[in-house]
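A closer look at the structure
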Amino acid sequence: MSEHPDVEDRLRPLVQLVVERLFRPGELDGWCFVWRRDGRSGPHQLMASVAAAGETFDGYIWEGAGYAPEDGLDVFVDGLEDFISGSRFAWGQQRLLNERPWRDRWRRR
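Residues numbered from 1 in each chain as written. Predicted model: local features only at pLDDT ≥ 70, side-chain atom pairs only at ≥ 80, totals over all residues. Heavy atoms only, no water.

Focus on the packing of aromatic side chains
As a reminder, the rule being used: Paired rings are identified among Phe, Tyr and Trp, the last through its six-membered ring, by centres lying within 6.5 Å, and are further divided according to the angle between planes into stacked (under 30 degrees), edge-to-face (over 60) and tilted (the rest). Helix and strand definitions here come from DSSP, where helices need a minimum of 4 consecutive H or I residues and strands a minimum of 2 consecutive E residues; each element is numbered from the N-terminal end. Partly exposed residues are those whose accessible area sits between 20% and 50% of the maximum for their type, while under 20% is buried and over 50% is exposed, using a 1.4 Å probe and protein chains only.
Under the criterion given, the structure shown has six aromatic pairs. Relative to Phe89, the ring of Phe23 has its centre 6.2 Å away and its plane inclined at 35 degrees; by these criteria the two rings are tilted. Here Phe23 is found in the loop between helix H1 (5–22) and strand S1 (28–37), whereas its partner Phe89 is found in the loop between helix H2 (73–86) and helix H3 (101–107), with 66 residues between them in sequence. Looking at Phe23, the relative accessible area reads 8%, which means it is buried. With a centroid separation of 5.0 Å and an interplanar angle of 80 degrees, the aromatic rings of Trp31 and Phe33 are classed as edge-to-face. For Trp31, a relative accessible area of 18% puts it in the buried group. Every member of this aromatic cluster is reached through a ring pair, and the members are Phe23, Phe57, Phe76, Phe83 and Phe89.

Right under this line is the structure:
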């Protein structure tokens with residue numbers, strides 16, 4: 001069960017867009033959200049676990065209350081780009097996501 005379904009609902013289409021643009025056909029095995037807690041009473045943190053060609057990347061997206069859900073997407077994408085570049089299936093390839101639609105969304109507010 002989700003800790004914060006509203007956060008997942010906001011981020012799910014954006015994470016899906018990221019993985020669709022960064023991975024080539026046949027590479028992506030799947031991805032899912034994973035909730036973690038920092039200590040027993042710490043804030044809930046949202047990660048996305050991405051599996052591709054038998055390798056896994058876990059990246060933090062949301063650090064909990066007080067942060068907009070989209071704030072962590074840039075850090076997540078940067079880490080995923082590095083993961084792809086260092087992977088066995090895409091060694092040395094620089095796949096960069098130049099368009100980041102969540103940035104435009106926040107500028108308009």
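Anyway, onward from the coordinates.
Remarks on the sheet that holds strand S2 (residues 44–52)
Note the cut-off: At least two DSSP bridges between two strands are needed for those strands to be called paired. Lines are fitted to the C-alpha atoms to define the axes, a helix being fitted only along its stretch in contact, and any angle between axes, read from their N-to-C directions, falls within 0 to 180 degrees. In this analysis, two residues are considered to be in contact whenever any of their non-hydrogen atoms come within 4.5 Å of each other.
What the three strands build is an open sheet, ordered S1-S2-S3; its pairing is antiparallel. At either margin of the open sheet sits one strand with a lone partner, and together these are S1 and strand S3 (55–62). Strand-to-strand, the axes of this sheet are offset by a mean angle of 25 degrees, without reference to chain direction. Here seven bridges tie S2 to S3, and the two strands are oriented antiparallel to one another. Residue pairing in the sheet places Ala52 in a bridge with Glu55 of S3. H1 contacts S1, S2 and S3 of the sheet and is inclined by roughly 145 degrees relative to S1. Along the sheet face, H2 touches S2 and S3 and points at about 165 degrees away from the line of S3.

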